[in-house]
Amino acid sequence: MPSTILPPVRHHVPPTRTKENLDYADLAVIDLSKAHTPEGRALLAIELCDAIAAQGFFYAINHGYTQAQNDRMFDIANVPFSLADEEKRLYTGNVKESGTYQGFKPRQLWHIDGGVHDQVEHYNINRDVTKRQHPKAMRPFLPEIEAFAQFNHYSVVHTILRLLALGLGLPEDSLVDQHNFSTAGESSVRFMNYYPRTGDEETKTNNVWLKGHTDIGSITVLWSQPIAGLQILSPDGKWRWIKHIDNALVINAGDALELLSGGAYKATIHRVVQPPPDQCACPRLGVFYFAMPDDGVRLVPHARSSVGGGECVGAPTMEAWRKGRTAAYGLVPLRRRADGVEEETVEGVVVRHYN
């Protein structure tokens, strides 16, 4: 009989939420518990499509994970960042050559602005946790991480993809069938830590920690945490903060979903900035699930969608798209337009960055 005793882990105590009066985005709150019936899914599909059209981001609640499970995953997320630098280097991937973030992404890899590089460290774990070796300290937690990946993939991402397919007038599983758990792909759990920067770095980058961008994949699931920093570019052109909600998910669409939907669901522009004064000295720990279509999926619009679509000559596969974007992000020179927006071209597609 399998043991129910979980391996011990040091408890991560998050800081209190900010008391600053921030300009928060008004995001829709989607109750995923309503998706268990066809009638509920039909109603939620309308809510979800309206939310993505209005802001591109939304909160998801009643997703099935308890607060205690949420807390446990943040405890585990903190483990890799306590390792010695020598061990981290053993499990650091060559991002530019491999086009993958699996393993450690070290600090100072990405150029932000004005000669300043990032202070972001993250540890990526493919949904297939056996795909590569992990540091010894992480190995006892791999069964829990794999279960967490499955929960995100099946209970959250697949639920949302069914609702989005309904919004396109497609059969419910049209998008789900392109996001298999056991097929080759890069859907991953990511543990991410933002470290405070110097005053000089803040000045040179105008307090931007991660410039405005869109995500590579289809659906990004961010497990809400209390340190403010994430902002979205609102339809009126203003950057607005994302507010923390206990045990909620913050979800947004990425490039792959925009391409598969023929532009009906736009990849949403977001950035990370220095937290407000009452939090700016705190490391910002994050837990994510980045969902991507299977590597072999060609990123063309669904022909049977009510919004149109059809064959797109030269459209990249998901594998080519993710490798191209990963290998280029923060590592290649960008073309700066007169309006300050920066551009690069990946697989024949113009990718924009907003500073």
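Predicted model, so just to flag it, every value in this text is computed and none were measured. (Residues numbered from 1 in each chain as written. Predicted model: local features only at pLDDT ≥ 70, side-chain atom pairs only at ≥ 80, totals over all residues. Heavy atoms only, no water.)

K.L.:
For this particular structure, what's the right way to read the packing of aromatic side chains?
P.N.:
Any aromatic ring pair is given by two values, namely how distant the centres are and how the planes are angled relative to each other. In this structure the tally under the stated criterion is 11 aromatic pairs. Taken together, a centroid distance of 5.5 Å and an interplanar angle of 35° make the contact between Tyr-154 and Phe-181 tilted. You can see Tyr-154 sitting in helix α5 (residues 142-167) and its partner Phe-181 sitting in the loop between α5 and β7 (188-194), a full 27 residues away along the chain. Connected via pairs of aromatic rings, a cluster forms that spans Tyr-65, Phe-148, Phe-151 and Trp-223. The aromatic ring of Trp-110 is capped on one face by Lys-105, whose charged end is 4.2 Å from the ring centroid. When the ring centre of Tyr-24 is taken as reference, the NZ or CZ atom of Lys-243 above it lies at 5.5 Å. (Phe/Tyr/Trp six-rings, centres within 6.5 Å; stacked < 30°, edge-to-face > 60°. Helix = DSSP H or I, 4+ residues; strand = E, 2+ residues; numbered from the N terminus. Lys NZ or Arg CZ within 6 Å of the ring centre and 35° of its normal.)

K.L.:
Just checking my understanding: could you explain the environment of Gln-119 for this structure?
P.N.:
Position of Gln-119 among the secondary structure elements: in the loop between β5 (116-117) and β6 (120-126). Taking C-alpha positions, Gln-119 is 7.0 Å from Arg-197, a pair spaced 78 residues apart along the chain. A polar atom in the side chain of Gln-119 sits 2.9 Å from the side chain of Arg-107. (Polar contact = N/O pair within 3.5 Å; in protein donor to acceptor, adjacent residues only side chain to side chain.)

K.L.:
What is the right way to read unusual backbone geometry from this model?
P.N.:
In most cases, non-glycine residues show a negative phi, while peptide bonds are predominantly trans. Residue Gln-108 is not a glycine yet carries a positive backbone phi of 70°. Following the sequence through the fold, Gln-108 ends up in the loop between β3 (103-105) and β4 (111-113). At Asn-247, a position not held by glycine, the phi torsion is positive, near 55°. For Asn-247, the location among the structural elements is in the loop between β11 (239-241) and β12 (249-253).

K.L.:
What exactly am I supposed to notice about the UniProt feature "domain: Fe2OG dioxygenase" (unreviewed entry) in the protein here?
P.N.:
Under the local residue numbering, the UniProt record ascribes the feature "domain: Fe2OG dioxygenase" (unreviewed entry) to residues 185-293. Between the end C-alpha atoms of residues 185-293 the distance is 7 Å, and the span holds 12% helix and 39% strand. (UniProt positions renumbered as here; feature names shortened; annotations may be inferred.)

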